[in-house]
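Analysis of the macromolecular model
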Amino acid sequence: MFNRAVALMDLSPGLEEKIRVCNATYTVRFGVRLRGQIHTFTGYRSVHSEHMEPVKGGIRYSMGVNQDEVEALAALMTYKCALVEAPFGGSKGGLCIDPRDWDEHELEQITRRFAYELIKRDLINPSQNVPAPDMGTGEREMAWIADQYKRIHTTDINGNACVTGKPLNAGGIAGRVEATGRGVQYALRAFFRDTEGVKKAGMSGTLDGKRVIVQGLGNVGYHAAKFLSEEDGCKIIGIIERDGALFGEDGLDVDKVRSWISKHGGISGFSDRHHVKDGALVLEEDCDILVPAALEGVINLQNADRIKAPLIIEAANGPVTAGADQVLRERGTVIIPDMYANAGGVTVSYFEWVKNLSHIRFGRMQRRQEESRHQLLIDELERLSKDKELGWTLSPGFKERYLRGAGELELVRSGLDDTMRVAYDSMAAVWHGRDDVDDLRTAAYLVAIDKVASSYRAKGL
Ligand code: GLU
């Protein structure tokens, strides 16, 4: 995919190669004494590009983790950050572990030990390398990592900025958990504002009434499906999980499915009427928007030609293989690429990092001042509306809505919305503006690689 994009650019071959390669990958094997014996774990932290520092990217816990995967995902982080103008290079980490095999106390020991190995090599550091959650990790693990860093660097006043995705009470930011799903929603809103793009997908109208199939109801898939159905009028007609799928034109209640899964470990038993044993088949059902939000490579050469959705949004990293991408592109399916579609996570991570470095919550200085200025206006309007001759009245609810100053969550959402709109417009300008570009992924690569190239050039490379 990278090669396809650079072929359309005018980069010197040296610079092209410099951008393509992964700068460094650190592999660590460490032992932890658990259940009476020593268990050895293998972990990675890969740094793809340091054209900006710190470098940024999640740490995943999964049995599928390997060096190739971590390096590919680190590269994706470079382009993702460039596209949404988060001032970071790209990195990624992984630990080869199935978190379900271990209890909380054991996971804490393993995480702290892994973090220690990375911290002592500055592969976790507020100014050099800032991890975040990814598949199999979340707020809890990030809190352990931050605490571990602060135990080692006891006098670093910016210690909290060594990792993002922390819980709110441990230096996190409001709206980080929902951020990637929220970003998927904003990305789709941006797409449906682009009438030319919508036409290219052979679609029409807005998000309202669109039939959606989501694969994976983890953090990203859950929030995306919830917001799309609750706020944009979409109907979630399919949910695919590890143990099968739920499918029905009448639509599914996302919150009910999610709480069933957290209680029973899967969708089995939720509703016999909707249950489909072979979940993967539901990817091929007729729908308007397909949201792969779990694993890599789920849309591949085996199923690509049977995918009916005219629009796919890659909420996960790499859910469509390069081969499938070509098949779908040739058929006119529009794919909103991962690099853009799931960049909401790292965008809000950026806000969290800034919050940690500034040591103050967003909105703390302005909120009440904003409210008191609004109060002035309301007082004046109320005075005027008492004047019988003018005959003015305030609409119900206006006063309350107008008076409320923005807190951290509103500011985070507004920053994310702006980021997603600006990035969409930069991709769409290339997609619609160049005859040699016929898909959003190539457009996204062109915008991102161009930004990385200019920062290398500015460094004199
Ligand atoms: N793991 C997420 C991603 O793949 C978030 C990375 C971050 O916040 O640094 O984009």
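Everything quoted here is computed from the prediction, not taken from an experiment.

1. Description of the site of the ligand
Lining the immediate surroundings of the ligand are 14 residues, of which Lys-56, Lys-80, Pro-133, Asp-134 and Ser-349 lie closest. In this structure, an oxygen atom belonging to the ligand sits 2.8 Å away from a side-chain N or O atom of Lys-80. Within the side chain of Arg-176, a nitrogen or oxygen atom sits 3.1 Å from an oxygen atom of the ligand. Coverage of the ligand by the protein amounts to 95% of the 290 Å² it exposes when considered alone. Per-class residue counts for the shell around the ligand are four nonpolar, five polar and five charged.

2. Focus: the pairing of strand 4 (residues 89-95)
With seven of its seven residues buried, strand 4 lies for the most part within the structure. With burial as the criterion, each face of strand 4 is covered, one bearing Gly-89, Ser-91, Gly-93 and Leu-95 and the other bearing Gly-90, Lys-92 and Gly-94.

3. Quick notes on the nonpolar core
In globular proteins that are soluble, nonpolar side chains generally tend to be buried together. Ile-19, Leu-188, Phe-191, Ile-289, Tyr-340 and Ile-449 are the most contacted members of the largest nonpolar core, which has 86 residues in total. Residue contributions to this core peak at eleven residues, all from helix 16 (residues 440-458). Judged by nonpolar contacts, the second largest core, of 28 residues, contains Val-32, Leu-34, Leu-95 and Met-142.

4. Here's the deal with the environment of Arg-364
Tracing the backbone shows Arg-364 in the loop between helix 12 (344-358) and helix 13 (367-385). In this structure, the C-alpha to C-alpha distance between Arg-364 and Ser-91, residues 273 residues apart in sequence, is 32 Å.

5. Looking at the side chain of Gln-148
With respect to the secondary-structure elements, Gln-148 resides in helix 5 (residues 139-152). Ignoring sequence-local partners within four residues, the contact set of Gln-148 consists of Arg-112, Ala-115, Tyr-116 and Ile-119.

6. A look at the pattern of salt bridges
This structure, assessed with the given rule, holds 42 salt bridges. Linking Glu-178 and Arg-413 is a salt bridge whose minimum nitrogen-to-oxygen distance equals 3.0 Å. Highlighted residues: Glu-178 in the loop between helix 5 and helix 6 (179-193) and Arg-413 in helix 15 (residues 408-433), separated in sequence by 235 residues. For Glu-178, a relative accessible area of 12% puts it in the buried group. For Glu-231, the salt bridge is made with Arg-189, and the minimal N-O distance between the two is 3.7 Å. Within this pair, whereas Glu-231 is found in helix 8 (residues 219-231), its partner Arg-189 is found in helix 6, the two being separated by 42 residues in sequence. Residues joined in a network through salt bridges with shared partners are Glu-178, Arg-182, Arg-189, Glu-231, Asp-232 and Arg-413.

7. Let's talk about the packing of helix 6 against helix 12
Viewed as axis vectors pointing N to C, helix 6 and helix 12 meet at an angle of 120°, and their least axial separation amounts to 7 Å. Relative to helix 12, the element helix 6 is oriented oblique. Note that helix 6 runs across helix 12; the crossing there is right-handed. The residues of helix 12 that touch helix 6, namely those facing Ala-179, Thr-180 and Gly-183, are Gly-344, Gly-345 and Val-348.

8. Some points on the sheet that holds strand 11 (residues 311-313)
Spatial strand order, 9-8-7-6-10-11-12: seven strands in an open sheet with mixed pairing. Strands with a single pairing partner mark the edges of an open sheet, and in this sheet they are strand 9 (275-276) and strand 12 (334-336). For strand 8 (residues 244-247) and strand 9, the ladder comprises two bridges, and the chain directions are antiparallel. Paired with Ala-245 across the strands is Val-276, a residue of strand 9. Of the strands in this sheet, strand 10 (289-292), strand 11 and strand 12 touch helix 6, which is tilted by about 145° from strand 11.

9. Notes on the pairing of strand 3 (residues 55-61)
Counting buried positions along strand 3 yields seven of seven residues, so the element is predominantly enclosed. Two strands pair when backbone bridges link them, and strand 3 and strand 4 are joined in this way by five bridges, in the parallel orientation. Each residue of the ladder has a partner; that of Ile-59, found in strand 4, is Gly-93. The pairing of strand 3 with strand 5 (residues 129-133) spans five bridges and is classified as parallel.

Criteria and thresholds
- Residues numbered from 1 in each chain as written.
- Predicted model: local features only at pLDDT ≥ 70, side-chain atom pairs only at ≥ 80, totals over all residues.
- Heavy atoms only, no water.
- Near = heavy atom within 4 Å.
- Polar contact = N/O pair within 3.5 Å; in protein donor to acceptor, adjacent residues only side chain to side chain.
- Areas by Shrake-Rupley, 256 points an atom, 1.4 Å probe, with all protein chains shown as cover.
- Nonpolar A, V, L, I, M, F, W, Y, C, P; charged D, E, K, R; others polar.
- Buried < 20%, exposed > 50% of the residue type's maximum accessible area, 1.4 Å probe, protein only.
- Helix = DSSP H or I, 4+ residues; strand = E, 2+ residues; numbered from the N terminus.
- Core = buried A, V, L, I, M, F, W, Y, C linked by side-chain atoms within 4.5 Å.
- Contact = heavy atoms within 4.5 Å.
- Salt bridge = Lys/Arg side-chain N within 4 Å of Asp/Glu carboxyl O.
- Axes fitted to C-alpha atoms, helices over the stretch in contact; angles between N-to-C directions.
- Parallel < 35°, antiparallel > 145°, perpendicular 65-115°, else oblique.
- Left-handed = near helix turned anticlockwise from the far one by under 90°.
- Pairing = 2+ DSSP bridges.

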